[in-house]
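Each chain is listed here by its residues.
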Amino acid sequence: MSDPTPTPPQSADDQYVSPPPAEFSVEVGGELRASDLKSKPRRGVRRRRIGLPVGLFIATCASTLWVGASDWRPLEHMDTWDAMAVTLSGGWRQGVVYMLAVLAILLSHEMGHFILTLIHRIPASYPLCIPVPFNPIGTMGAVIGMDGLRANRREIFDIGLAGPIAGLIVALPILWYGVGQLDLSQRPQANEIQLNSPLVVKWMIESRDASRPVVDAAGNTTLNKGDWIGISQVNAYFMAGWVGMLITGLNMLPISQLDGGHTIYGLFGKDAHTFARAFIVIAITYVVINLDQAAVWTPMLILVILMGVDHPPTSDDTIELDNRRWMIGMASLAIPVLCFPLLGLKQ
């Protein structure tokens, strides 16, 4: 996920260094003009903060390790320090696997954004991970801060789409392996946390023949197709892959300044506002109709509405996408349909 709002210096880490050479500063119509160089004042470039990204990364390592070690039930094992120590000593191997897998997905996503900001010379922060040690995931994903107002329409498209593509390249093999380790011989328990499966997970379950016949108390046999997967049934790889699908699908929703908002603005320019507003109406309607389960998305909808549904203008909206970018962008619109778990999770 990317944030186009520049952040002012807040610590000693925010120091100023010399700007890049002038020949890389201004580009007009593919050529550099000496008159432009003379008319543009040279400004210092803020050095990226490193203390906060490193601190958040370490905290997210700890939170995902803890969540994985606790079988994704962190609150049930946080009564005392002794209970937490026993949980860690017994489940640290699973915690390490989950930590490495989920952080590989998060960092590949954010580094996709970051590398494209370097290529297009858009000021940006290092990835900022968000630790949450008390939810079943252990994190709220990661973000980068960037001065998106300096990017033109083609550049914001590249930056926005690079993250989800890079994340999927890492997440899909992890998810595929995790699906192969699933045990669906029982239905999820009624009182446990259950994960809704997006389409890509359902397809993988079917492809890997992971569905299992289940015999209920009355002796009736049914097929567990994995529409809902209990937290007791998951493994570290599947859980990390599911989180990767959630984060990728959520970020590719075509609204505001999410990755999908950048992508659709690159495709359609200001016409993207119509798509974004229509999506919000559909999303609100869907949540109201499925309030018992989809209500989990209400805070996200409120946040997006407060941020602003419409994508802001870029530095140059007249620059359109070439055919290759257009085809990739149109294909990417299927990502939220395939990856986003519509009903989230329930208990």
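Conventions used here
- Residues numbered from 1 in each chain as written.
- Predicted model: local features only at pLDDT ≥ 70, side-chain atom pairs only at ≥ 80, totals over all residues.
- Heavy atoms only, no water.
- Helix = DSSP H or I, 4+ residues; strand = E, 2+ residues; numbered from the N terminus.
- Buried < 20%, exposed > 50% of the residue type's maximum accessible area, 1.4 Å probe, protein only.
- Pairing = 2+ DSSP bridges.

K.L.:
Where do I start with the environment of methionine 146 in this structure?
P.N.:
Structurally, methionine 146 can be placed in the loop between β5 (139-145) and α4 (153-180). In this structure, the C-alpha to C-alpha distance between methionine 146 and histidine 113, residues 33 residues apart in sequence, is 9.7 Å.

K.L.:
Please clarify how the pairing of β5 should be interpreted in this entry.
P.N.:
Residues in a regular strand point their side chains to alternate faces of the sheet. Burial analysis of β5 places 5 of its 7 residues in the buried class, the great majority of the element. Alignment of strand β4 (residues 128-131) against β5, held across 3 bridges, turns out to be antiparallel. The residue of β5 that forms the bridge with proline 131 is threonine 139.

K.L.:
How do you make sense of the environment of leucine 52 when you look at a structure like this?
P.N.:
Along the polypeptide, leucine 52 turns up in helix α2 (residues 51-69). In this structure the C-alpha to C-alpha distance between leucine 52 and proline 127, which are 75 residues apart in sequence, comes to 9.7 Å.

K.L.:
Please explain the sheet that holds strand β10 (residues 345-346) as it appears in this structure.
P.N.:
For sheets, the rule is that strands pair by backbone hydrogen bonds, running either parallel or antiparallel. The antiparallel open sheet is built from 3 strands, whose spatial order is β9-β6-β10. Edge strands, defined here as strands with exactly one partner in the open sheet, are β9 (228-230) and β10. The sheet contact formed by strand β6 (residues 194-196) and β10 spans 2 bridges and is antiparallel. Counted as the bridge partner of glutamine 194 is lysine 346 from β10.

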